[in-house]
Amino acid sequence: MKRFHMVLALGGLLLAGCSSHDQAADTSVGAPTAAAPTVADQPLDLCSLMPVADVAGILQANGADTVTEQTPGAGGMCSYLHQPKPGDYRTKLLIDVTRMASPDLAKQALAAHRQDFTDRGIQVTPVPGLGDEAFLSDAEGAAGLKLRVGAYQGQINLRVDERDPASLHPAVLALGKQVVARLH
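Residues numbered from 1 in each chain as written. Predicted model: local features only at pLDDT ≥ 70, side-chain atom pairs only at ≥ 80, totals over all residues. Heavy atoms only, no water.

Asks: How do you make sense of the overall build of the protein when you look at a structure like this?
Replies: Helix and strand content of the protein: 5 helices and 7 strands. Ordered by position in the sequence, the α and β elements of the protein form the string α-α-α-β-β-β-α-β-β-β-β-α. Out of the 184 residues in the protein, the part that is buried amounts to 41%. Across the protein, contacts joining residues at least 24 apart in sequence account for 59% of those joining residues at least 6 apart. Accessible surface computed for the protein: about 9,300 Å², of which carbon and sulfur atoms make up 56%. (Helix = DSSP H or I, 4+ residues; strand = E, 2+ residues; numbered from the N terminus. Buried < 20%, exposed > 50% of the residue type's maximum accessible area, 1.4 Å probe, protein only. Contact = heavy atoms within 4.5 Å. Areas by Shrake-Rupley, 256 points an atom, 1.4 Å probe, with all protein chains shown as cover.)

The structure is reproduced here in structure tokens:
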């Protein structure tokens, strides 16, 4: 269990400030003015974008157990859990998507993640046809998907008990397809 928390923490650190919020820079000239934030300025609310009932249905349809709880995190990310007994977390899922300042910056961020995994000896498998770019990578017993859709860059990490991460790929890919569809 501690390993998965470390994976989640490391995944958050790998995003290096890319946690579900708009990374667009203010390029206006002149003195700053106080204005109400626009919808694009607000972090994505992934718990609303991907409600627990929808996520549970996708997981169950793809043989990956279920989730029964969701918890919003910093910057809009969302964590999901299935806790059949107190203190016994069977399923853990993290979905985190960030809107970068441009599609080029999102592409660069995803390339940096890919290079980091490669440098650490973690295999990455491209997933053609999912968003603009995506790849699978498994580490610390969790199946992971990194993806990019325009200026959005994100991750989905899933761990179910002691299951082989490769057995969770169908569920992670199905979640990725749903996230991509809802970002449009």
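Asks: When you look at the pattern of salt bridges in this model, what are you seeing that I'm missing?
Replies: Should their charged atoms come close, side chains of opposite charge can pair. This model, assessed by the stated rule, comprises 7 salt bridges. Across the pair Arg90 and Asp65 runs a salt bridge whose closest N-O atoms are separated by 2.2 Å. Residue Arg90 is found in the loop between strand S2 (78-82) and strand S3 (91-99), and its partner Asp65 is found in the loop between helix H3 (52-61) and strand S1 (69-72); the two are separated by 25 residues along the sequence. Where Arg148 meets Asp132, a salt bridge forms, and the shortest distance between an N and an O atom there is 3.7 Å. A residue pair is termed long-range when its members are at least 10 positions apart, and Arg148 in strand S6 (residues 142-149) and Asp132 in the loop between strand S4 (125-126) and strand S5 (133-139) qualify at 16 residues. In this structure Arg148 comes out as buried when scored by relative accessible area, which is 10%. According to the relative accessible area criterion, Asp132 is partly exposed, its value standing at 48%. (Salt bridge = Lys/Arg side-chain N within 4 Å of Asp/Glu carboxyl O.)

Asks: What is the right way to read the pairing of strand S7 (residues 152-160) from this model?
Replies: Side-chain direction in a regular strand flips from residue to residue, so the side chains alternate between the two faces of the sheet. Within S7, 9 of the 9 residues are buried, which leaves it mostly tucked inside the rest of the structure. Of the two faces of S7, the one lined by Tyr152, Gly154, Ile156, Leu158 and Val160 and the one lined by Gln153, Gln155, Asn157 and Arg159 are each fully buried. Bridge analysis of S3 against S7 gives 9 bridges, and the strand direction is antiparallel. When the sheet's bridge partners are listed, Leu94 is paired in S7 with Asn157. (Pairing = 2+ DSSP bridges.)

Asks: Mind showing me how you'd approach the pairing of S1 here?
Replies: Note that S1 and S2 share 4 bridges and pair antiparallel. Paired with Thr71 across the strands is Ser79, a residue of S2. Hairpin remark: S1 followed by S2, antiparallel, with 5 residues in the connecting loop; positive phi at Gly75, about 70°.

Asks: Help me understand the environment of Val67, please; the structure alone is not making it clear to me.
Replies: Mapped onto the fold, Val67 is located in the loop between H3 and S1. Given the relative accessible area of 4%, Val67 is considered buried. Counting along the chain gives 11 residues from Val67 to Ala56, while the straight-line C-alpha distance between them is 5.2 Å. Not counting chain neighbours up to four residues away, the residues in contact with Val67 comprise Val52, Val55, Ala56, Leu59, Tyr80, Leu81, His82 and Thr91.

Asks: It is not clear to me how the nonpolar core should be interpreted in this structure. Could you clarify?
Replies: In summary, soluble globular proteins display a tendency toward joint burial of nonpolar side chains. Ranked by internal contacts, the top residues of the largest apolar core, which has 34 residues, are Met50, Leu145, Ile156 and Leu158. For this core, the elements supplying multiple residues, two or more each, are helix H2 (46-49), H3, S2, S3, S5, S6, S7 and helix H5 (169-183). Top contributing element to this core by residue count: H5, with 6 residues. Setting aside its immediate chain neighbours within four residues, Leu145 contacts Val127, Leu130, Ala134, Phe135, Leu136, Gly154, Gln155, Ile156, Asn157, Val172, Leu173 and Gly176. (Core = buried A, V, L, I, M, F, W, Y, C linked by side-chain atoms within 4.5 Å.)

Asks: How should H5 be read in this particular structure?
Replies: Every α-helical turn comprises 3.6 residues, leaving residues that sit three or four positions apart pointing alike. Under the 1.5 Å per step criterion, the end-to-end length of H5 is 21 Å for 15 residues, consistent within 8% with the ideal 21 Å. Among the residues of H5, those classed as buried are His169, Ala171, Val172, Leu175, Gly176, Val179, Val180 and Leu183. As for H5, its buried residues are in contact with H2, H3, S3, S5, S6 and S7. (Expected span 1.5 Å × (residues − 1).)

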